[in-house]
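Structural description and commentary
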Amino acid sequence: MTSDVKEISSGGAPPAPAALAAKVRTLAPSMTRSMQRVAEAVAADPAGTAALTVTGLAELTGTSEATVVRTARLLGYPGYRDLRLALAGLAAHQESGAAPAVTADIAVDDPIADVVAKLAYDEQQTLADTAAGLDTVQLGAVVTAAAAARRIDIYGVGASGLVGMDLAQKLLRIGLIAHAHSDPHLAVTNAVQLRSGDVAIAITHSGSTGDVIEPLRVAFDRGATTVAITGRPDGAVSQYADHVLTTSTARESELRPAAMSSRTSQLLVVDCLFVGVAQRTYETAAPALAASYEALAHRHSPRTR
């Protein structure tokens, strides 16, 4: 764990109390161990920690007052006083609204009805966490770049590769030139052709997938606008990204690996990006969508003998 975590802030208003827990889950992996202890404490007991002074919370977590303040700022609050107010609000929210008595911990002998309920709850939580942690300023900048791009290249392998294909197909249907690359060799050879005015998007939950980082680095060196969609904003991929869109850091389990759960948050970010680009290019996007629907309409009609 690195000791020089960047104090990332969107520059907007502090997150609402209901978004605080999501913010902790999203940013905890990028924190130092001492900051993690503070974050874990406030997430585990909002009411109890809201009653503590900055000194009291530092003593409870075995850290320093400076660490508590840094954690508050990393979570998006100007200072510890603002974090305490949010914790009090979160505690009140939890007391007034009964939280679902279900978790995503699926046992091998769970009835299928329980599996459905647990997965549905986990998907909802993942989407809520991603929405709460998504930097809309960064998203807006990516939308602007993609809407005006000569060409958009998307890199992803495994489950992230499927998300990349989904984004490329969406962009193609509104008339943009977009290609998804899951083969690392093709990704690099295509990245070499990029230049200023092009956009390269790397999708990697871990932020450390070498087959995705290499083509993004090449695109970065060629002057393209580079984007990372990742669950680890402190990961290696971010050093070659002009813009970082953070997805929820999904919990992994034996029956549901990260490749499955992370795809939900990636698809939300991809959909937000696509809709933003479609809005920005509506005059050309709408006719292109209509033309693609018309071209495929006969394939959806029932065949007659």
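Note that the structure is predicted; figures quoted are calculated from it, not measured.

Some details on the overall build of the protein chain
If you tally the helices and strands in the protein chain, you get 13 helices and five strands. Burial statistics for the protein chain: of 305 residues in total, 45% are counted as buried. Within the protein chain, contacts between residues separated by at least 24 positions form 72% of all contacts whose residues are at least 6 apart in sequence. With an accessible surface of roughly 15300 Å², the protein chain has 56% of that area assigned to carbon and sulfur atoms.

Quick look at the packing of aromatic side chains
As enumerated under the stated definition, the model contains one aromatic pair in all. Look at Phe220 and Tyr240: their rings are 6.2 Å apart centre to centre, the planes differ by 65 degrees, and that puts the pair in the edge-to-face class. Remark: Tyr240 occurs in the loop between β4 (225-230) and β5 (243-246) and Phe220 occurs in helix α11 (residues 210-221); sequence separation between them is 20 residues.

With respect to the nonpolar core
One recurring pattern in soluble globular proteins is that nonpolar side chains are buried together. In terms of nonpolar packing, the biggest core is built from 30 residues, with Ile152, Leu171, Ile174, Ile201, Leu245, Leu273 and Val277 touching the most fellow members. Elements with a contribution of two residues or more to this core: α8 (136-147), β1 (152-155), α9 (159-173), β3 (199-204), β4 and α12 (258-280). Judged by nonpolar contacts, the second largest core, of 22 residues, contains Met31, Ala58, Leu75 and Leu87.

What about the pairing of strand β2 (residues 178-181)?
Of the pairings in the sheet, the one linking β1 to β2 comprises four bridges and is parallel in character. Counterpart to Ile154 in the pairing with β2 is Ala180. Viewed along the sheet, the connection from β1 through α9 into β2 turns out right-handed.

Description of the confidence of the model for the protein chain
Overall, the predicted model of the protein chain reaches an average pLDDT of 84, with 83% of residues at or above 70. Mean pLDDT across the elements of the protein chain ranges from a minimum in helix α1 (residues 17-27), with 69, to a maximum in β1, with 98.

Overview of the side chain of Ser292
Its place among the elements puts Ser292 in helix α13 (residues 282-296). Polar contacts involving the side chain of Ser292 include one to the side chain of Arg173, which spans 3.1 Å.

Let's talk about the pattern of salt bridges
Tallying each qualifying case throughout the model produces seven salt bridges. A salt bridge links Arg150 to Asp198; its shortest N-O distance comes to 2.8 Å. With a gap of 48 residues between them, Arg150 in the loop between α8 and β1 and Asp198 in the loop between α10 (184-191) and β3 connect regions that are remote in the sequence. Asp198 sits in the buried class, given a relative accessible area of 0%. Taking the shortest distance from any N to any O, the salt bridge between Asp166 and Lys170 comes out at 2.4 Å.

Remarks on the sheet that holds β1
Pairing between sheet strands relies on hydrogen bonds along the backbone, with the strands arranged either parallel or antiparallel. If you trace the five strands from one edge of the open sheet to the other, you get β2-β1-β3-β4-β5, paired in parallel fashion. Two strands close off the open sheet at either side, each with one partner strand: β2 and β5. For this sheet, the mean angle separating the axes of adjacent strands, direction not counted, is 15 degrees. When β3 meets β4, the two strands line up parallel, connected through six bridges. In the strand pairing of β4, Ile203 is matched with Ile229. Helix-sheet contacts for α8 involve β1, β3, β4 and β5, and the interaxial angle to β5 is about 120 degrees. Across the sheet, α10 lies against β1 and β2, angled at about 150 degrees from β1, the strand it touches most.

Conventions we followed
Residues numbered from 1 in each chain as written. Predicted model: local features only at pLDDT ≥ 70, side-chain atom pairs only at ≥ 80, totals over all residues. Heavy atoms only, no water. Helix = DSSP H or I, 4+ residues; strand = E, 2+ residues; numbered from the N terminus. Buried < 20%, exposed > 50% of the residue type's maximum accessible area, 1.4 Å probe, protein only. Contact = heavy atoms within 4.5 Å. Areas by Shrake-Rupley, 256 points an atom, 1.4 Å probe, with all protein chains shown as cover. Phe/Tyr/Trp six-rings, centres within 6.5 Å; stacked < 30°, edge-to-face > 60°. Core = buried A, V, L, I, M, F, W, Y, C linked by side-chain atoms within 4.5 Å. Pairing = 2+ DSSP bridges. Right-handed = clockwise from strand over helix to strand, strands pointing away. pLDDT = per-residue confidence, 0-100. Polar contact = N/O pair within 3.5 Å; in protein donor to acceptor, adjacent residues only side chain to side chain. Salt bridge = Lys/Arg side-chain N within 4 Å of Asp/Glu carboxyl O. Axes fitted to C-alpha atoms, helices over the stretch in contact; angles between N-to-C directions.

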